[in-house]
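Now for the letters of each chain:
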Amino acid sequence: MNKNFYITTPIYYPSAEFHIGHCYTTIIADAIARYKRLAGYDVFFQTGTDEHGLKIENKAKEKGVTPKEYVDVIIDNAKDLWQKLNISYDYFIRTTDEHHIERVQKIFEKLYNQGDIYKGEYKGLYCVPCESFWTESQLVDGKCPDCGREVNLVTEEAYFFKLSKYQKRLEEFYEENPNFIAPVSRKNEMLNNFIRPGLEDLCVSRTSFKWGIPVTFDEKHVIYVWIDALTNYITSLGYPDITPEFEKYWPADLHLVGKEIVRFHTIIWPALLMALDIPLPKQVFGHGWLIIDGGKISKSLGNYKDPRDYINTYGVDAVRYFALREVPFGSDGTFSESALITRTNADLCNILGNLVSRTIQMGIKYFEGNVKNSKVYEDIDNDLLDSVKNLRAKVDGKIDELKINEALEEIFDTLRKCNKYIDDTTPWTLAKDESNYPRLETVIYNLLEAIRVCATMLQAFIPETANKIFAGLKIDNNNFENIYDNIEEYHLGLEKPANLFERIKEN
Ligand code: MSP
C-alpha cells in the first residue's frame with residue numbers, strides 16, 4: 001500500500017493580512033495531515049503564498065514600497081499566525097522563491113516549444129481586484145461574478161494556452177475518475193457550466209504590469225497568474241526535474257480549495273498537467289466559505305479581526321475546533337465570536353474539559369492517582385467499551401470521506417457517553433463503601449482508557465489540548481496505529497491537567 005500522502009492548501013494572496021477564512025482551509029488541511037501522519041503515512045503538507053499580479057503591484061505602489069517589501073511583511077505575519085495555530089506544514093512555498101521562478105519559466109518554455117502555448121491577442125473583460133478575466137455570459141448584472149465590482153474591456157498582445165484542446169480529455173477524465181472533484185455538486189457545476197458549453201484558450205501572459213515572472217523568450221510579458229500559481233504544487237517538488245521528492249509525492253492526494261477556485265483546479269490545472277504529460281492529482285475538494293454577517297469576509301468591509309486576537313482570547317484549540325466542527329465541510333457557514341464561544345462552552349468545556357477533570361480528580365481522590373484495571377465489569381460498561389473499540393474505524397472512515405465535522409462528532413459522541421457513564425455508575429456512591437472499590441476502580445479505569453483513546457484521536461484536531469490530557473494521564477506513548485494494541489493496564493501518577501477549558505462568559 002502506498003503510504004505517502006501529499007496534501008495542499010491554496011497558496012494565498014498576500015494582498016492583505018490573513019483572516020479567519022484563510023485559517024479555515026489551513027486548519028482543516030492541518031488536521032488531515034496530522035491524522036494521516038498519526039496513521040503512519042509519510043505526509044507532505046504544503047501551503048504558501050501567491051505573490052505576483054497587478055493587485056499586489058498596485059497595493060505596494062499605494063504604500064510607496066516595492067511589491068516584495070509589501071508582501072514580506074504580510075508573509076511574516078502569516079507564518080506567525082500559522083505557528084500560533086499549530087499548523088504543521090512541511091513546506092511553505094512563495095511564488096517569489098528563486099526556485100519557483102526558474103521552474104515556472106522552464107514549464108512555460110516547454111509548453112511553448114511543444115505548441116501548447118502560442119502568441120495571440122487578448123480582448124477581455126478584466127476584474128482588477130480578482131485578477132480574473134470573464135466572458136460576457138459569466139458576468140452578473142454586467143459586474144464581476146466573484147466580487148460584484150466593475151470590469152474593464154482590455155485588448156493586448158498575449159500568450160495563450162490551448163485549453164480548448166483538452167476539453168474532450170477532461171470530460172473523459174471526469175468520467176473515469178468519479179472522485180476527482182468533491183463534493184459531487186461541484187463536479188456537476190464544472191461540467192455543465194464550463195466544460196460542456198466549450199472551453200476557450202486561456203490567456204497566460206500580460207504586458208500591462210511588471211510584477212510577475214518574465215517570459216524568458218519575450219521579456220515584455222510576465223506570466224499571468226494561473227500558470228505561476230497552480231504549478232506551485234509541483235515546483236516545490238523540483239519539477240520539471242524528476243526528483244526523488246517528485247517521484248515520492250506526486251500526484252498529490254488532495255488539493256483543498258475554496259469553492260471559487262475549484263474551476264481553476266479542476267479544469268486549467270488538469271489540462272496543464274495533461275500537456276506536461278504528468279499524472280493528475282487524485283482529488284480536488286471544493287469547500288464552502290466562512291461568512292460574517294451574511295457576507296464574504298473582506299478587508300474593504302472591515303468585518304474581521306486578526307485571527308490572533310481570537311487565539312489570544314479563547315486559546316488556539318477553541319479556534320481550531322470551531323473551524324473543524326462548526327460547519328459541515330463543503331458547505332458555507334457563519335463565523336461569529338458568539339458562535340465560537342457557544343461551541344467552545346458546549347463541547348470543549350462541558351463535554352471534554354469537564355470529563356477529563358472529573359475523571360482524573362476521582363482517580364486522585366479515591367486511588368491516589370494510581371488506577372489499575374481491576375476487571376470488575378458490569379453490563380452497563382458495554383455501551384461505552386464498544387463505542388471506544390469502534391471509534392478508530394469510524395473516525396478513519398469519516399476522514400477518508402472528508403467529513404471532518406462528523407469525525408469530531410464521533411469522538412465527542414464517545415466523550416458524551418463517558419459523561420453519561422459517570423452519571424449512571426455514580427462513582428461517588430460506590431466510594432461510600434470500601435467493598436465497592438474494585439468496581440469503582442474499574443469504572444475509573446474504563447473512563448481513563450476511553451479518554452486515552454479519544455485524546456489519541458484528538459491529537460490531529462486539537463493537539464495542544466490532547467497533549468495536556470496526555471500529561472494528566474502520564475502517557476507519552478500516543479501512537480495511533482497501535483491505539484488498541486497498547487492497552488494500558490495501569491494509569492499511574494495521574495495529575496490534574498492545568499487549564500483545559502473554562503467556561504467563557506457569553507455577552
Ligand atoms: N491565490 C489564489 C489561489 C491559488 S492556488 C494555486 C487565491 N488566493 S486567496 O487568498 O484569494 O484565497 C485562497 C483561499 O482562501 C480560498 O480558496 C479559500 O480556500 C480561502 N478563503 C478565503 N476566504 C475564505 C472564507 N471567507 N472562507 C473560507 N475560505 C476562504 O484564490
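Definitions and limits used
Residues numbered from 1 in each chain as written. Predicted model: local features only at pLDDT ≥ 70, side-chain atom pairs only at ≥ 80, totals over all residues. Heavy atoms only, no water. Near = heavy atom within 4 Å. Polar contact = N/O pair within 3.5 Å; in protein donor to acceptor, adjacent residues only side chain to side chain. Areas by Shrake-Rupley, 256 points an atom, 1.4 Å probe, with all protein chains shown as cover. Helix = DSSP H or I, 4+ residues; strand = E, 2+ residues; numbered from the N terminus. Pairing = 2+ DSSP bridges. Salt bridge = Lys/Arg side-chain N within 4 Å of Asp/Glu carboxyl O. Buried < 20%, exposed > 50% of the residue type's maximum accessible area, 1.4 Å probe, protein only. Right-handed = clockwise from strand over helix to strand, strands pointing away. Phe/Tyr/Trp six-rings, centres within 6.5 Å; stacked < 30°, edge-to-face > 60°. Lys NZ or Arg CZ within 6 Å of the ring centre and 35° of its normal. Contact = heavy atoms within 4.5 Å. Arc of directions from axis to C-beta.

Novice: How should the site of the ligand be read in this particular structure?
Specialist: Surrounding the ligand, one finds 24 residues, the nearest of these being Ile-11, Tyr-13, Thr-25, Asp-50 and Leu-290. Note that an oxygen atom of the ligand is positioned 3.3 Å from one of the side-chain N or O atoms of Glu-260. The protein chains hide 94% of the 660 Å² of surface that the ligand would expose on its own. Elements represented by at least two residues in the shell around the ligand include exactly β1 (4-12), α1 (20-38), α7 (225-230) and α8 (232-235). The element best represented in the shell around the ligand is α1, accounting for four residues.

Novice: It is not clear to me how the sheet that holds strand β11 (residues 222-223) should be interpreted in this structure. Could you clarify?
Specialist: Sheet strands pair via backbone hydrogen bonds, and the direction of the pair is either parallel or antiparallel. The sheet built from three strands is open, its strands ordered β9-β11-β10 with antiparallel pairing. This sheet does not close on itself; its edge strands, each paired only once, are β9 (205-206) and β10 (213-214).

Novice: Can you help me understand unusual backbone geometry in this one?
Specialist: In this structure, the amide linkage connecting Tyr-239 to the following residue, Pro-240, adopts the cis form with an omega of 15 degrees. Its identity is not glycine, yet Glu-368 carries a phi of approximately 50 degrees, on the positive side. Position of Glu-368 among the secondary structure elements: in the loop between α13 (337-367) and β17 (371-372). Backbone geometry at Lys-375 places phi at a positive 55 degrees, although glycine is not the residue there. Turning to its location among the elements, Lys-375 is positioned in the loop between β17 and α14 (381-400).

Novice: I'm lost on the pattern of salt bridges in this one. Help?
Specialist: Between side chains of opposite charge, pairing is possible as soon as their charged atoms come close. This structure, assessed with the given rule, holds 43 salt bridges. Glu-378 is paired through a salt bridge with Arg-439; the nearest N and O atoms lie 3.5 Å apart. With a gap of 61 residues between them, Glu-378 in the loop between β17 and α14 and Arg-439 in helix α17 (residues 437-458) connect regions that are remote in the sequence. Residue Lys-420 is joined to Asp-424 by a salt bridge in which the shortest nitrogen-to-oxygen separation is 2.8 Å. In this pair, Lys-420 and Asp-424 are both assigned in helix α15 (residues 404-425), four residues apart and thus about one turn of the helix distant. Look at the salt bridges and you will find they share partners, linking Arg-325, Glu-326, Arg-343, Asp-347 and Glu-409 into a network.

Novice: Where do I start with the pairing of β1 in this structure?
Specialist: Put simply, side chains in a regular strand alternate between the two faces of the sheet. Taking burial as the measure, the nine residues of β1 include nine buried ones, the bulk of the element. The pairing of β1 with strand β2 (residues 42-49) spans seven bridges and is parallel. Note that in β2 the partner of Asn-4 across the bridge is Asp-42. On the question of chirality, the crossover connecting β1 to the parallel β2 by way of α1 is right-handed. In terms of strand pairing, β1 meets strand β12 (residues 254-258) through two bridges, oriented parallel. Bridging from a neighbouring strand, Ile-7 pairs with Leu-254 of β12.

Novice: Sorry, what's going on with the packing of aromatic side chains here?
Specialist: Aromatic rings considered in pairs are described by the distance between their centres and by the relative angle of their planes. Overall, the coordinates contain 34 aromatic pairs when judged by the stated rule. The interplanar angle of 55 degrees and the centroid separation of 6.1 Å between the aromatic rings of Tyr-12 and Trp-82 together place this pair among those described as tilted. On the criterion of sequence distance, the pair formed by Tyr-12 in strand β1 and Trp-82 in helix α3 (residues 67-84) is long-range, its members being 70 residues apart. As far as the burial class goes, Tyr-12 and Trp-82 line up, both buried. Three or more aromatic residues joined by ring pairs form one cluster here, namely Tyr-6, Phe-44, Tyr-91, Tyr-233, Tyr-239, Phe-246, Tyr-249, Trp-250 and Trp-269. Between Arg-206 and the ring centre of Tyr-224, over which it is positioned, the NZ or CZ distance is 5.6 Å.

Novice: I tried to follow the pairing of strand β13 (residues 284-287) on my own but got confused; where do I start?
Specialist: Alternating positions in β13 separate into two faces, Val-284 and Gly-286 on one and Phe-285 and His-287 on the other, with burial throughout. Bridge count for strand β7 (residues 181-182) against β13 is two bridges, and the pairing is parallel. Counterpart to Ala-182 in the pairing with β13 is Phe-285. Pairing of β12 with β13 involves four bridges; the strand directions are parallel. Residue pairing in the sheet places His-255 in a bridge with Val-284 of β13.

Novice: Honestly, the environment of Gly-48 in this entry has me stumped. Any pointers?
Specialist: Relative to the helices and strands, Gly-48 is located in strand β2. Residue class for Gly-48 comes out buried when judged on its relative accessible area of 1%. Measuring from C-alpha to C-alpha, the distance between Gly-48 and Ile-93 comes to 4.4 Å, with 45 residues separating the pair along the chain. In contact with Gly-48, other than residues within four places in its own chain, are Thr-9, Pro-10, Ile-11, Tyr-12, Phe-92 and Ile-93.

Novice: Looking at this structure, how should I read helix α11 (residues 307-314)?
Specialist: Note that an α-helix has 3.6 residues per turn; residues three or four places apart therefore point the same way. All of the buried residues along α11 are Pro-307, Arg-308, Tyr-310, Ile-311 and Tyr-314. Down the axis of α11, the buried side of the element spans an arc of 155 degrees, and every buried residue falls inside it. Opposite the buried face of α11, at more than 90 degrees from it, the exposed residues are Asn-312 and Thr-313. Buried residues belonging to α11 abut α1, α3, α12 (316-325) and α13. Between a side-chain oxygen at the N-terminus of α11 and the backbone nitrogen of Arg-308 the separation is 2.8 Å; the capping residue is Asp-306. Positive phi appears at Gly-315, one or two residues downstream of α11, with a value of about 100 degrees.

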